[in-house]
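Secondary and tertiary structure notes
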Amino acid sequence: MGDNYEAFTAENDRLIDKLSEEKAFYRSKAKILSKTDIIPDSLYIEKDVKRGLRNANGTGVIVGLTKVGDVIGYDFDEQGNKIAIDGKLYYRGYDVEDLFNNCVKENRFGFEEVTYLLLFGELPSKEELSEFTKLLGAKRELPKGFARDMILTAPSKSIMNKLARSVLAMYSYDDNPDDTSIENVLRQSISLIGHFPALIAYGFQAKRSSFDNESLHLHNPIPELSTAENILRMIRPTGEYTDIEAKLLDLSLILHAEHGGGNNSTFTTHLVSSSGTDTYSAISAAVGSLKGPRHGGANIAVINMMHDLVHHVKDITNEAQVEDYLVKVLKGDANDRSGLIYGLGHAIYTISDPRATLLKSMARKLAESKGLEDSFHLYEFIENRGASLYKEVKGIDKPMPANVDLYSGFVYRALNIPVDIATPLFATARLSGWCAHRLEEIITGRRLMRPAYNGVQPYLEYVPIAKR
Ligand SMILES: CC(=O)SCCNC(=O)CCNC(=O)[C@H](O)C(C)(C)COP(=O)(O)OP(=O)(O)OC[C@H]1O[C@@H](n2cnc3c(N)ncnc32)[C@H](O)[C@@H]1OP(=O)(O)O
Ligand SMILES: O=C([O-])CC(=O)C(=O)O
């Protein structure tokens, strides 16, 4: 026993030493790299590099044309100066506010109709929509053994990473995975759109049971149910939901379905598709992009920031205390120290993001009916005060409207939808836009995307290892 114990502790000490040696190695190399890899701002200006693919006035560099969606966030005056305007968003030429309001008016689900519109470029007739929802319904169930072999046996703490892996794994379940004909890519797209609710729900259930010590609940999807209903059924332990909850989730899916070609994940879809690769590779890459906290992952980042705020601010109804916290966030001294107030700011929108306006109206109603007014006012205060605080801290006047991610988390929380699932829900909705853009890239892009990086490292003479 004594010998065993000594051998065990010696081995343990050796492993701890090795780990701290390794940590020290990474730390020292990271320190060097953070200096070596710096390229001064002046060089970007001198060489006229469109950093972040942005022009000097902040507008995006035009890298493509699209008929799928249009995002309008600014205008120009006669002198060519950018001017702020209220945002507008169009899906295949239709104003998203009209699509949203019509579903509210007719009290019906609309995400499937929007998916049809995005994929095929026109609104479906009643019969076409019914055929299409039947087709989607037939694709709801995952291939035999998929949930067990691909999701439950290798759960992940990140449902988005699990989702990306699941999409890649779908390649192995497809008899014709590499065919990039329009017909085949349409088949793959509709199949993925049908499968996504189960992929995110089972990824979520696997995570809860493996990492959060919760019971495992796997409900089958039901072909006759809408996307929103299937999601609620599969993420809830009892499988129960109300019609109002499902309709509100459906509206949120409509608002997240598409955002032009230039947003990071859709551009990823265009970029990766332009190499001629398969649908699963392109869509899994888009999922990886959307996960980032500056993009779709901001909805979870907002919720985490709000938790942190509530934890650190004594009285959330005291505006001065909330401001102090936000100033600390902006200075990189609070929350995740990124310096970002999540849910604010946008690459295109200046005065308003139309989706945030609609989600805010949903959030306000939910707050009133669920007694969450204080929390709602906190979100509203951040929206109203964010830009002026940024100016006070950084001295820069920058439009910082509430974006789609600010109020979506509030809406999900009020609907009793777990935080973890917020970005996967975004992915489920945006998949329709990604697929429409992938098809457009294949049909009309037809060029390998290959921008240029200007090499700024001076050339060096090789030094043999013995002389270094
Ligand atoms: C679905 C979506 O993707 S919506 C966007 C979701 N993302 C977020 O909510 C994260 C917070 N917001 C942001 O990071 C940004 O506003 C973006 C990335 C969305 C858009 O940024 P842009 O307006 O294009 O500005 P850009 O990235 O050029 O930043 C300019 C400066 O403003 C700062 N800034 C922009 N938004 C914010 C913010 N919300 N909080 C603090 N600082 C901000 C940037 O840090 C940057 O500062 P720096 O020059 O000191 O580095
Ligand atoms: O357009 C962008 O940059 C980000 C965005 O709002 C989205 O993808 O929905």
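Sequence order as written defines the numbering, with residues in each chain counted from 1. Whichever chain is written first is A, and whichever ligand is written first is 1; the rest continue in order. In keeping with the predicted nature of the model, local features appear solely for residues at pLDDT of at least 70, side-chain atom pairs appear and are counted solely at 80 or more, and the whole-chain, interface and lining totals rest on all residues.

Some remarks on the packing of helix α7 (residues 159–170) against helix α18 (residues 422–445)
Each pair of packed helices can be described by the angle between their axes along with the distance between the axes. Defined as follows: For every element, the axis is a line fit to its C-alpha atoms; helices are fit only across the contacting stretch, and the angle between N-to-C directions ranges from 0 to 180 degrees. Note on conventions: DSSP H or I runs of at least 4 residues are helices, E runs of at least 2 residues are strands, and numbering of each starts at the N terminus. A residue pair is marked as a contact if its C-beta atoms, positioned from the backbone, fall within 7 Å. All residues other than Ala, Val, Leu, Ile, Met, Phe, Trp, Tyr, Cys, Pro, Asp, Glu, Lys and Arg, Gly among them, are scored as polar; the first ten of these are nonpolar and the last four charged.
Where α7 contacts α18, the two axes come as close as 9 Å, and the packing angle between them is 35°. Contacts from I159, M160 and L163 in α7 reach T423, P424 and A427 in α18. Residue classes in the contact of α7 with α18 are distributed as 5 nonpolar, 1 polar and no charged.

Considerations on the UniProt feature "active site" (unreviewed entry) in the protein
Operational definition: UniProt positions are given in the numbering used here, feature names are shortened, and annotations may be inferred rather than shown by experiment. Counting other C-beta atoms within 10 Å of a residue's own tells you its class, since 20 or more makes it buried, 12 or fewer makes it exposed, and anything in between is partly exposed; those C-beta atoms are placed from the backbone.
In the numbering used here, UniProt assigns the feature "active site" (unreviewed entry) to H346 and D405. Taking the farthest pair of C-alpha atoms as the criterion, the annotated set spanning 60 residues converges on one region, since that pair is 10.5 Å apart. With respect to the helices and strands, H346 occurs in the loop between α14 (319–330) and α15 (354–370). By the C-beta count within 10 Å, which is 19 here, H346 ends up partly exposed. Excluding anything up to four places from it in sequence, H346 contacts G73, D353, P401 and N403. You can see D405 is positioned in helix α17 (residues 404–414). What makes D405 buried here is the crowd of 30 C-beta atoms within 10 Å.

Comments concerning the confidence of the model for the protein
For the record, the criterion: Every residue gets a pLDDT, meaning the predictor's confidence in that residue, from 0 to 100.
For the protein, per-residue confidence averages 96 on the pLDDT scale, and 100% of positions sit at 70 or higher. Listed scores for the predicted complex are pTM 0.96 and ipTM 0.99.

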